[in-house]
Amino acid sequence: MSPLVLEPPPARPPVVGRANGRTPPPPPCEGGDDDGREPTPRQPRLDNARVAMLFFLAAESMFFAALISAFLVLRLGAPMWPPPLQPRLPVLVTGVNTLVLLASSLVMIAAFRALRRGDGRALVERLAGAAALGALFLAVQGYEWARLIHYGLTVTSGAYGATFYTLIGIHAAHVLGALVWLAVALVLAARGRFAGGRITMLRACATYWHFVVGLWPILYVVVYLV
């Protein structure tokens, strides 16, 4: 008798498991190209500093709108403005001073153009010029206030003096704050702080500077000319 030879069972194909329900789609390719690179994160259009500055300027706009509205209510309700025996405001000198402040905004724009060109020296010079024009504006305004006080226009001179020094004085305080901020930015620019593209602080300073500059012509027309 021939020996009994045991043959191995035939190989079976592997059993493919089936998922319950619909088959999930294959994962997307992460690089767009098959080069293994990670996708570049999208930069937001408005960073946190810009959003905070927009909210701050909106609050400042409402604050000055309330002050201007109160001034107009008192102005339109008065039988005569300025009141008798009260000095007139220096319209001509303040008009020239308005041009000085507007020129500082143009110099600030030129500073950012120098920053885009990578000209650090021109950036420092433009920022110094804007700061000098802002300081000149405050100096001329302070000189005119001293003359008005000498002629008898004080905060206690009634609604005429109180509204003038309150509205114009608050704006002068904002210009002074913007000037201090600009001086800090000038020191940082002289040290090359903004050369690497970190210009968030400088951009916020320039935005605030343009705000206080753009607000002044409105106050000049309302307070000095109307």
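Here, the structure is the one placed above.
In this report, the structure presented in the accompanying data block is examined. Here the structure is a predicted model, which means the values were calculated and not measured. (Residues numbered from 1 in each chain as written. Predicted model: local features only at pLDDT ≥ 70, side-chain atom pairs only at ≥ 80, totals over all residues. Heavy atoms only, no water.)

### Looking at the environment of Thr166
Structurally, the position occupied by Thr166 is in helix 4 (residues 159-190). Residues Thr166 and Leu67, spaced 99 residues apart in sequence, show a C-alpha to C-alpha distance of 8.6 Å. (Helix = DSSP H or I, 4+ residues; strand = E, 2+ residues; numbered from the N terminus.)

### A look at helix 3 (residues 120-150)
Here helix 3 spans 45 Å end to end across 31 residues, near enough to the 45 Å set by a 1.5 Å rise per residue. Buried within helix 3 are the following residues: Ala122, Leu123, Leu127, Ala130, Ala131, Gly134, Phe137, Leu138, Gln141, Glu144 and Leu148. Packing partners of the buried residues in helix 3 comprise helix 2 (91-117), helix 4 and helix 5 (200-225). Structurally, the start of helix 3 carries an N-cap: the backbone nitrogen of Arg121 is 3.4 Å from a side-chain oxygen of Asp119. In the stretch just after helix 3, Gly152 is the one whose phi turns positive, near 110°. (Expected span 1.5 Å × (residues − 1). Buried < 20%, exposed > 50% of the residue type's maximum accessible area, 1.4 Å probe, protein only. Contact = heavy atoms within 4.5 Å. Polar contact = N/O pair within 3.5 Å; in protein donor to acceptor, adjacent residues only side chain to side chain.)

### Some details on the side chain of His174
Relative to the helices and strands, His174 is located in helix 4. With residues up to four places along the chain from it excluded, the contact list for His174 reads Glu60, Phe64, Tyr208 and Val212.

### Some remarks on helix 1 (residues 48-77)
Here helix 1 contains 30 residues, and its C-alpha end-to-end distance of 44 Å stays within 8% of the 44 Å for a straight helix at 1.5 Å per residue. Within the span of helix 1, buried status applies to Met53, Leu57, Glu60, Phe64, Leu67, Ile68 and Phe71. The inward-facing, buried residues of helix 1 contact helix 4 and helix 5.

### Digging into the nonpolar core
Core analysis: the largest hydrophobic core is formed by 53 residues, its most contacted members being Leu127, Phe164 and Val223. If you list the elements that add at least two residues to this core, you get helix 1, helix 2, helix 3, helix 4 and helix 5. Of the residues forming this core, the biggest block, 16 residues, is contributed by helix 5. Ignoring sequence-local partners within four residues, the contact set of Val223 consists of Phe71, Leu89, Phe164, Leu167 and Ile168. (Core = buried A, V, L, I, M, F, W, Y, C linked by side-chain atoms within 4.5 Å.)

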